[in-house]
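Breakdown of the fold
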Amino acid sequence: MTDKTHSKTDHTSLITELATAGRLAQRKLARATDAEKADGLRAAAKVIRADAAAILAANEKDMDAGRANGLTGALLDRLKLDEDRLEAIACAIENVASLPDPVGEVIDSRTSPSGFGLERVRIPIGLIGIIYESRPNVTADAAALCLRSGNAALLRGGSEAIHSNRALHAAFTKGLAEVGLPEKAIQLMPTQDREAVGAMLKAAGLVDMIVPRGGKGLVARVQQDARVPVLAHLDGICHTYIHADANPDMAREIAVNAKMRRTGICGAMETLLIDANFPAGESVLAAIADAGCELRGDDRAQKLDSRVKTATSEDWDTEYLDAILAVSVVDDIDGAMEHIAAHSSGHTEAIITDSDDAASRFLGEVDSAIVMHNASTQFADGGEFGLGAEIGIATGRLHARGPVALEGLTTYKWQVKGSGQARP
Ligand SMILES: NC(=O)C1=CN([C@@H]2O[C@H](COP(=O)(O)OP(=O)(O)OC[C@H]3O[C@@H](n4cnc5c(N)ncnc54)[C@H](OP(=O)(O)O)[C@@H]3O)[C@@H](O)[C@H]2O)C=CC1
Ligand SMILES: N[C@@H](CCC(=O)OP(=O)(O)O)C(=O)O
């Protein structure tokens, strides 16, 4: 199928065709053993290494187009592949192969009041549609995690990465075919037309779950069109709150890291909240500004450093993904948690404090997917959490929150093991 403009009906029938093939492949995959799925992933990694020249040539096409279209340095960096990054992609796939298969795990076992045995057993979700940004490694990570957990995937990456994604997808599925696993278990959307995303979001009964991984445009589309359950992986308006009892050196180091380590990732801190009774606010702001960050703050923050520009109300709801930080001075922990409740996107928030009581209140009461004590929000990552890889960071309220890896891609069924019970 080529990338051409389709009518609305065409998009619906395209998604029906892809989803039907994906569901059939998923049923075949469900019969594959742990070893067969691991072998499939190792074969995929081998083909990616063998086809490196073709994949890198495809990526160069994307990079040329990206440069011609004026993509920023940060976007080009996410798009770029080289031999080392390709090797890291192959290693990540092998890493997923070496993780335990989540399917079939008994997560709960009990005896019913009537005496029959009950087990809750992990099973795949089914066919998962994943919409994500122009970062080719996500194609391989998502494909590997879905396959390992027995799910079929319909992948829809960012348009700037189209050639890289097609080349990686071709290599990945070639590896699956070599060991007899169904190639259609991992499909790549054959068109970049955003109407096809709309059709996928509406495909209730055909697609079991959608993972949208992206920013505001995608959020708006998901809110408008979704009829399929959504595991949202959306923007990160992440906060760090420096409590009155924070260690000043630790606060400074964590705040600079949370903002400046990589400004373009969803786990980067976007707003710093400083307690009015924290004695070293000046030195924290000076360190962040000296590291090259623009500061925008309220009146009290402006008094701490002359470089702090006046924040507008929009700043508290902005994901800069850049060396810009919003700063507010809050009265106390309640003020900090109120600010977070009003402006967070539910991704990651951190408190810096030596007070166990304050830490315990913050971790217990702040309602985000990840809450941290004395650590940088930049640790919001499946690899850093020891999960092997991640589809991304789930920012919603469904069964999987924070870094989503193998377990997050499963659901469960109850298995009843009776010995002739009939209900009275
Ligand atoms: N929570 C998480 O795990 C992660 C979140 N993010 C968030 O993603 C954002 C940055 O990503 P960015 O590069 O801007 O990606 P975008 O949100 O622009 O795009 C991501 C994907 O969504 C598609 N898309 C965007 N808008 C629409 C629409 N209206 N209809 C259909 N498809 C659409 C894009 O397609 P197209 O090719 O057509 O542009 C692309 O495939 C940040 O907010 C960041 O926090 C990023 C990574 C991980
Ligand atoms: N969780 C990942 C980053 C995910 C992310 O934000 O990706 P991207 O926006 O494509 O750079 C990490 O910490 O590296």
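Here's what I pulled together on the structure shown here. Computed from a predicted model, the values in this text were never measured in an experiment. (Residues numbered from 1 in each chain as written. Chains lettered and ligands numbered in written order. Predicted model: local features only at pLDDT ≥ 70, side-chain atom pairs only at ≥ 80, totals over all residues. Heavy atoms only, no water.)

Looking at ligand 2, the residues that line it are Arg78, Glu133, Arg135, Arg213, Arg262, Gly264, Ile265, Cys266, Ala380, Asp381 and Glu390. For ligand 2, an oxygen atom lies 3.0 Å from a polar atom in the backbone of Cys266. In this structure, Asp381 approaches ligand 2 through a side-chain N or O atom, which is 3.0 Å from a nitrogen atom. Protein chains bury 91% of the 380 Å² of accessible surface belonging to ligand 2 in isolation. Mapping the shell around ligand 2 onto the domain boundaries places at least three of its residues in each of domain 1 (8-233 + 398-416) and domain 2 (238-379). (Near = heavy atom within 4 Å. Polar contact = N/O pair within 3.5 Å; in protein donor to acceptor, adjacent residues only side chain to side chain. Areas by Shrake-Rupley, 256 points an atom, 1.4 Å probe, with all protein chains shown as cover. Domains from an automatic or database assignment.)

The next thing to look at is the site of ligand 1. Around ligand 1, 26 residues are found, and the nearest of them are Arg156, Ser159, Gly215, Glu319 and Ile393. Side-chain polar atom of Arg156 to an oxygen atom of ligand 1: 2.7 Å apart, as the coordinates give it. Between ligand 1 and the protein, one listed contact pairs a nitrogen atom with a backbone N or O atom of Leu234 at 2.9 Å. Protein contacts shield 85% of the accessible area of ligand 1, which totals 910 Å² for the unbound molecule. Within the residue set of the shell around ligand 1, elements represented by two or more residues are helix H8 (194-201), helix H9 (216-225) and strand E14 (392-394). Considering every element that reaches the shell around ligand 1, the biggest residue donor is H9, with three residues. Of the residues belonging to the shell around ligand 1, the class tally is eight nonpolar, ten polar and eight charged. (Helix = DSSP H or I, 4+ residues; strand = E, 2+ residues; numbered from the N terminus. Nonpolar A, V, L, I, M, F, W, Y, C, P; charged D, E, K, R; others polar.)

Let us look at the pairing of strand E4 (residues 152-156). Judged by how many residues are buried, E4 sits mostly within the fold: five of five residues are covered. What you see with E4 is no split at all: Ala152, Leu154 and Arg156 on one side and Ala153 and Leu155 on the other are buried throughout. Both strand E3 (residues 127-131) and E4 contribute to a ladder of five bridges, which runs parallel. When the sheet's bridge partners are listed, Ile131 is paired in E4 with Arg156. Once you follow E3 into helix H6 (residues 136-148) and on to E4, the crossover reads as right-handed. Here E4 runs beside strand E5 (residues 186-188); their pairing, made up of three bridges, is parallel. The residue of E5 that forms the bridge with Ala153 is Ile186. In the classification by handedness, the crossover that spans E4, the intervening helix H7 (residues 162-178) and the parallel E5 is right-handed. (Buried < 20%, exposed > 50% of the residue type's maximum accessible area, 1.4 Å probe, protein only. Pairing = 2+ DSSP bridges. Right-handed = clockwise from strand over helix to strand, strands pointing away.)

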